[in-house]
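Letter by letter, the chains look like this.
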Amino acid sequence: MKRAERLFHILAFAWQLGAFGTLLSLGSSDTGELGAANNPLTTIGNAALLGVVLVLMLSHWRMVLRLAPGMWPVLGLVSLAFLSTTWSDYPAVTVRRAGTLATITMWAWYITARYDLKDIISIVRQVMWPAALASLAIGIGGLGRDPDGDWAGLFQLKNELGMIMALGIISFFYTLLAEMFSQRPRSLTILFSVAGLLLCCGLLYLSQSRTAWVTGLIGLIFCVVTKLTHKRVGAAIIIWTAIVLLLGPAVVLAMDQLGTIAAMLGRDSSLTGRVDLWLALQSYIMQRPWLGHGLGAFWVDQSPNVLEIWTAVDWHPPNAHDGWLDLLLELGVVGLSLAAIQMLLLLANGIRAVIDGQEPGAQYLLATVFAILIHNLTESGLVRPGLSWCLLVVATAALAKIARERQTTRQPRFAVRFQRREPTASPRVR
């Protein structure tokens, strides 16, 4: 039974990656932002996943509910997504998108409550191997490529392949570091980690997704940073303080030298039209600043707003190419605030968990969260069904689990201070 459940979770995670998206989109007339979501097979698959997850959650409801207090920003965003149906211009789209978001949330919540972080990271690696090998085979066979020759592999878009391979690089590199610094390193694990790392690096390059290149590099850097600060308070204070102090100037410098950086990455100063798109979206954000247009209800092909934007920028973007802007468009300032609180809590609790050292897997969570935040600066996926949201929910639930375990294993200071001491024997008087 345990093996069957683990196999289900492997397939469920592959489903979140969109590994079946290319097959399901065949014959679909919708090429917009919804993509394969309109396909009846996708709806059936999401319904089946929801049904199984509900059964599993009900059978382990006490274990799941223990993590609920730490999940409030996530649950708030999902609730807001459903509420946005009432003001959405396309309520059917919003309901479908919110339902898929809730399904992914419950699955990620359950799997984190059910398994240790080590097992979850193992599931990620087990999905990465077939996804990478299948993408390689499809690409060699001449399929899974766009007109420019960039690889999309098993996925619909090259940016999807790039992001997933960047995640694979982080997963295999983290495993490699953990194994090399363990007391008894296993040669076979090191060999498979190196092979997986090289395979993902090759596919990342073939995707030609520049954002994913930066995401993978940032992920590698933070894997090293989290390893250096694991159980090291002094090093953590120095390194994380330096990162915080340098982050602001680095962003300002990057914006000032945007043209030079884009040229180094083989792009123009407008980031392939993204800058013009971001400027054009400002007025649409101000139309509904507080609650947005509804989850998934802005980037609909039939929407007059989308047609106006496509005409203004002279290309057909399927989304804002920025996770934060898309969140503002769909759920407004309220949704953006909830997401910002969630990210701040993730970073603060993640850094604390890494320094505390009680759960080594917290290093992986923190590196993954940083990579997702970087990726969503020029791609969308922050609060919408897919890989980024799935991993953010896993990180939120896992850090809540770590915090709960920390509270149960450590006594409060006042309890230790006033703990009754055992009486000591008085010295004998001769």
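Here, every reference points to the structure presented above.
In every chain, residue numbers begin from 1 and rise along the written sequence. It should be noted that, the model being predicted, local features are given only for residues of pLDDT at least 70 and side-chain atom pairs only at 80 or more, the latter also being counted only at that level, while totals for whole chains, interfaces and linings use all residues. Heavy atoms throughout the structure, all of them, feed into the side-chain values; hydrogens and water do not.

Peer 1: A description of a nonpolar patch on the surface should follow, citing residues and the corresponding values.
Peer 2: Patches in this entry comprise residues that are over 30% relatively accessible and not in a salt bridge; like charges within 9 Å are linked, as are nonpolar side chains (Val, Leu, Ile, Met, Phe, Trp, Tyr) within 5 Å. Per-residue and other accessible areas follow the Shrake-Rupley method at a 1.4 Å probe size, with only the shown protein chains counted as cover for residues. Just to be clear on terms, a salt bridge is a Lys or Arg side-chain nitrogen sitting within 4 Å of an Asp or Glu carboxyl oxygen. Together, Trp-72, Ile-341 and Leu-345 give the surface a local cluster of nonpolar side chains, amounting to about 260 Å² of exposed area. Here a strand is any run of E in DSSP of at least two residues, a helix any run of H or I of at least four, and the numbering for each starts at the N terminus. Here Ile-341 shows up in helix H15 (residues 323–356). Relative accessible area serves as the criterion here: at 33%, Ile-341 is assigned to the partly exposed category. Partly exposed describes any residue whose relative accessible area lies between the buried limit of under 20% and the exposed limit of over 50%, with all areas from a 1.4 Å probe on protein chains only and scaled to the type maximum.

Peer 1: How would you explain the nonpolar core if you had to name every residue and give the values?
Peer 2: Nonpolar side chains tend to gather and get buried jointly when the protein is soluble and globular. For this analysis, a nonpolar core means a set of buried residues of the types Ala, Val, Leu, Ile, Met, Phe, Trp, Tyr and Cys, connected via side-chain atoms within 4.5 Å. Among the nonpolar cores identified, the biggest contains 99 residues, and Phe-13, Trp-107 and Trp-389 are the most heavily contacted of them. With 12 residues, helix H17 (residues 387–409) is the largest single contributor of residues to this core. Setting aside chain neighbours within four positions, we find Trp-107 in contact with Phe-8, His-9, Ala-12, Phe-13, Gln-16, Leu-49, Val-53 and Cys-390. Of all hydrophobic cores here, the second largest spans 16 residues; its members include Phe-298, Ile-309, Trp-310 and Leu-325. In what follows, residue pairs with any heavy atoms lying within 4.5 Å of each other are defined as contacts.

Peer 1: I'd like a rundown of helix H13 (residues 274–287), residues and numbers included.
Peer 2: What a helix should span is 1.5 Å times the count of its residues minus one. Over its 14 residues, H13 extends 21 Å from the first C-alpha to the last, a length consistent with the 20 Å expected when each residue adds 1.5 Å. What is called the bend at a residue is the angle between a pair of axes, fitted to the seven residues leading up to and ending at it and to the seven starting from it. The largest bend along H13 reaches roughly 30° and is located at Leu-281. Along H13, the residues that are buried comprise Arg-274, Leu-277, Trp-278, Leu-281, Tyr-284 and Ile-285. Looking at the packing, one finds that the buried side of H13 touches helix H8 (158–180), helix H14 (304–313) and H15.

Peer 1: Before we move on, could you go through the pattern of salt bridges and cite the residues and values that matter?
Peer 2: This structure, assessed with the given rule, holds eight salt bridges. For Asp-356, the salt bridge is made with Arg-406, and the minimal N-O distance between the two is 4.0 Å. Linking Asp-356 in helix H15 with Arg-406 in helix H17, this pair joins segments that are 50 residues apart in sequence. Asp-356 gets classed as partly exposed once you look at its relative accessible area, which sits at 22%.

Peer 1: Outline the side chain of Gln-16, listing residues and values.
Peer 2: Locating Gln-16 in the fold gives a position in helix H1 (residues 2–17). Residue Gln-16 is classed as buried on the basis of its relative accessible area of 6%. Sequence-distant contacts of Gln-16, that is, excluding residues within four places in its chain, are made with Leu-49, Ile-104, Trp-107, Gly-386, Leu-387 and Cys-390.

Peer 1: I'd like to hear about the packing of aromatic side chains, residue by residue, with values.
Peer 2: Only Phe, Tyr and Trp rings take part, Trp by its six-membered ring, and two of them pair if their centres are within 6.5 Å. Stacked means planes under 30 degrees apart, edge-to-face means over 60, and tilted covers everything else. Inspection of every chain in the model, using the stated rule, returns 10 aromatic pairs. Here Phe-222 and Phe-370 contribute two aromatic rings whose centre-to-centre distance is 3.9 Å and whose plane-to-plane angle is 5°, an arrangement assigned as stacked. One end of the pair, Phe-222, is in helix H10 (residues 210–229); the other, Phe-370, is in helix H16 (residues 362–375), with 148 residues separating them in the sequence. According to the relative accessible area criterion, Phe-370 is buried, its value standing at 15%. If you follow Arg-114 out to its NZ or CZ, it ends over the ring of Tyr-115, 5.7 Å from the centre. Put simply, a charge is over a ring when the Lys NZ or the Arg CZ is close to the ring centre, within 6 Å, and near the line of the ring normal, within 35 degrees.

Peer 1: Quick rundown of H14? Include the residues and the values.
Peer 2: Restricting attention to buried positions, one finds in H14 the residues Asn-305, Val-306, Ile-309, Trp-310 and Val-313. Down the axis, H14 shows its buried residues gathered within 135° of arc, on one side only. More than 90 degrees from the buried face of H14, the exposed residues found are Pro-304, Thr-311 and Ala-312. The distance from a side-chain oxygen at the start of H14 to the backbone nitrogen of Asn-305 is 3.3 Å, and the residue carrying that oxygen is Ser-303. Of the residues one or two after H14, Asp-314 is the one with positive phi, at around 65°. The arc refers to the directions leading from the helix axis to the C-beta atoms. Here a polar contact is recorded for every N or O atom pair within 3.5 Å, except that within protein the pair must consist of a potential hydrogen donor and a potential acceptor, and residues adjacent in sequence are included only if both atoms are side-chain atoms.

Peer 1: Give a detailed account of the packing of H8 against H16, specifying residues and quantitative values.
Peer 2: The axes of two packed helices give the description: the angle between them and the distance between them. To get an axis, fit a line to the C-alpha atoms, keeping to the stretch in contact for a helix; angles then go from 0 to 180 degrees between the N-to-C directions. For the pair H8 and H16, interaxial distance at closest approach is 10 Å and the crossing angle is 155°. By the criterion of interaxial angle, the relationship of H8 to H16 is roughly antiparallel. Along this stretch, H8 crosses H16, giving a crossing that reads as right-handed. When H8 is examined against H16, the residues Asn-159, Met-163, Leu-167, Ile-170, Ser-171 and Tyr-174 are found in contact with a partner set consisting of Gln-363, Tyr-364, Ala-367, Thr-368, Ala-371, Ile-372 and His-375. Its residues placed into classes, the contact of H8 with H16 shows eight nonpolar, five polar and no charged. In what follows, roughly perpendicular refers to angles from 65 to 115 degrees, roughly parallel to angles under 35, roughly antiparallel to angles over 145, and oblique to any angle outside these ranges. Left-handed describes a crossing whose near helix is turned anticlockwise from the far helix through less than a right angle; right-handed describes the clockwise counterpart. For this classification, Asp, Glu, Lys and Arg are treated as charged, while Ala, Val, Leu, Ile, Met, Phe, Trp, Tyr, Cys and Pro are nonpolar and the rest, including Gly, are polar.

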